[in-house]
Amino acid sequence: MIAEIIINSNARALNKTFDYIVPKNLENTIRLGNRVFVPFGRGNKEEEGYVIGFKDESEFANKELIKIEDGLLTEDNIKLAKLMSIKYFCNISDCIKLMLPPGASSKNIDSRVKDKKLNFVYLNKEIDEIEIDIEEKILKSDKQIKLLRFLEENDGINISELEMITEVSKAVMKTLEKNGYILIVEEMVDRNPFINKNIKRDKNLKLTESQQEVYDTIEFMIDNNEYMEFLLHGITGSRKNRSIYAINK
């Protein structure tokens, strides 16, 4: 199997596919849209790229793909990126970056938004058993009892949040873990960059009388396939004072 790879680069000369051999152990894993790493150039420097196609054979493929990182893109994303690159005369890799979530397009792997591992605390004994130990004074520490009773209603809470809410130190938690009352488990957490963002969609602004007059004039020229140059006056830096061309498409 041969993968057609677009290298993640702004260089115009690299706006083309490079063929790489897909190792046998990756043939069942690789998909269109995968971000991958490949040996590139004379020094075989490891470069990032995107899978935008497959073929059975290639006379140019003499290097093997190194590894697959993720599959954030779909087949439709790849098709759209190709169309955008043609329409706007830019690299396919630049169009692909627009479709990736924030933090995912950085070449520096360590700086990307990635899944994160956190410690969570769970009760390791039945509540009735814990209450009996409290009554029989097997559990005497107020802090230990406070933490266990909080977990009765909030089992599976992040250890840092638990420490902040209950004001019980991690040392106390470690003691309870050692004695079999709780479990501290490391779990993967999905990090959604949009989760705390309140994104409001823009609404169409109502034009003033003079703005509407200018708009109608430009629209008339476009609809009638007539060439005309317009100069819009406005505040410097607001991008209004530039020429607008009604171009015959």
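Shown above is the structure to which this text applies.
Attention in this report is confined to the structure presented alongside it.

**What about the packing of aromatic side chains?**
Then, number 1: According to the stated counting rule, one finds one aromatic pair in the structure shown.
Then, number 2: Relative to phenylalanine 40, the ring of phenylalanine 18 has its centre 5.1 Å away and its plane inclined at 90°; by these criteria the two rings are edge-to-face. Residue phenylalanine 18 is found in strand β2 (residues 17–21), and its partner phenylalanine 40 is found in strand β3 (residues 35–40); the two are separated by 22 residues along the sequence.
Then, number 3: For phenylalanine 18, a relative accessible area of 18% puts it in the buried group.
Then, number 4: A cation over an aromatic ring shows up here: lysine 67 above the ring of phenylalanine 37, its NZ or CZ 5.2 Å from the ring centre.
Then, number 5: Over the aromatic face of tyrosine 181 sits the side chain of lysine 125, whose NZ or CZ is 4.1 Å from the ring centroid.

**Focus: the sheet that holds β3**
Then, number 1: Reading across from one edge, β2-β1-β4-β3-β5 is the order of the five strands in this open sheet, with antiparallel pairing throughout. Bordering the open sheet on either side are β2 and β5 (67–70), each of which pairs with just one other strand. Between one strand axis and the next, the sheet turns by 50° as a mean value, whatever way the strands run.
Then, number 2: Where strand β1 (residues 2–7) lies against strand β4 (residues 45–55), six bridges are found, and the strand directions are antiparallel. Counterpart to isoleucine 2 in the pairing with β4 is lysine 55.

**As for the side chain of threonine 166**
Then, number 1: Topologically, threonine 166 is positioned in helix α5 (residues 159–166).
Then, number 2: Leaving out residues up to four positions away in the same chain, threonine 166 has contacts with Lys146, Leu147 and Phe150.

**Focus: unusual backbone geometry**
Then, number 1: Positive phi, normally seen in glycine, also occurs at phenylalanine 89, with a value near 55°.
Then, number 2: Tracing the backbone through its elements, the reader meets phenylalanine 89 in the loop between α1 (75–88) and α2 (92–97).
Then, number 3: By relative accessible area, which is 68% here, phenylalanine 89 ends up exposed.

**A word on helix α7 (residues 209–223)**
Then, number 1: For α7, with 15 residues, the first-to-last C-alpha span of 21 Å sits near the 21 Å given by 1.5 Å per residue.
Then, number 2: A positive phi of about 55° marks asparagine 225, the residue just after α7.

**What about the packing of helix α3 (residues 127–135) against helix α4 (residues 142–153)?**
Then, number 1: Contact pair α3 / α4: the axes reach a minimum separation of 11 Å and the direction vectors enclose 160°. Accordingly, the angle class assigned to the pair α3 and α4 is roughly antiparallel. Where α3 crosses over α4, the two elements pack in a sense that is left-handed. Here α3 contributes Ile127, Ile130, Glu131 and Ile134 to the contact with α4, which in turn contributes Ile145, Leu148, Arg149 and Glu152.
Then, number 2: Partitioned by chemical class, the residues of the contact of α3 with α4 number five nonpolar, no polar and three charged.

**Examining the environment of leucine 123**
Then, number 1: Position of leucine 123 among the secondary structure elements: in strand β6 (residues 116–123).
Then, number 2: Residue classification places leucine 123 among the buried residues on the basis of a relative accessible area of 16%.
Then, number 3: Separated by 32 residues in sequence, leucine 123 and aspartate 155 place their C-alpha atoms 6.5 Å apart.
Then, number 4: What leucine 123 contacts, discounting residues up to four positions off in sequence, is Ile130, Leu148, Leu151, Glu152, Asp155, Tyr181 and Ile182.

Calculation criteria
Residues numbered from 1 in each chain as written. Predicted model: local features only at pLDDT ≥ 70, side-chain atom pairs only at ≥ 80, totals over all residues. Heavy atoms only, no water. Phe/Tyr/Trp six-rings, centres within 6.5 Å; stacked < 30°, edge-to-face > 60°. Helix = DSSP H or I, 4+ residues; strand = E, 2+ residues; numbered from the N terminus. Buried < 20%, exposed > 50% of the residue type's maximum accessible area, 1.4 Å probe, protein only. Lys NZ or Arg CZ within 6 Å of the ring centre and 35° of its normal. Pairing = 2+ DSSP bridges. Axes fitted to C-alpha atoms, helices over the stretch in contact; angles between N-to-C directions. Contact = heavy atoms within 4.5 Å. Expected span 1.5 Å × (residues − 1). Parallel < 35°, antiparallel > 145°, perpendicular 65-115°, else oblique. Left-handed = near helix turned anticlockwise from the far one by under 90°. Nonpolar A, V, L, I, M, F, W, Y, C, P; charged D, E, K, R; others polar.

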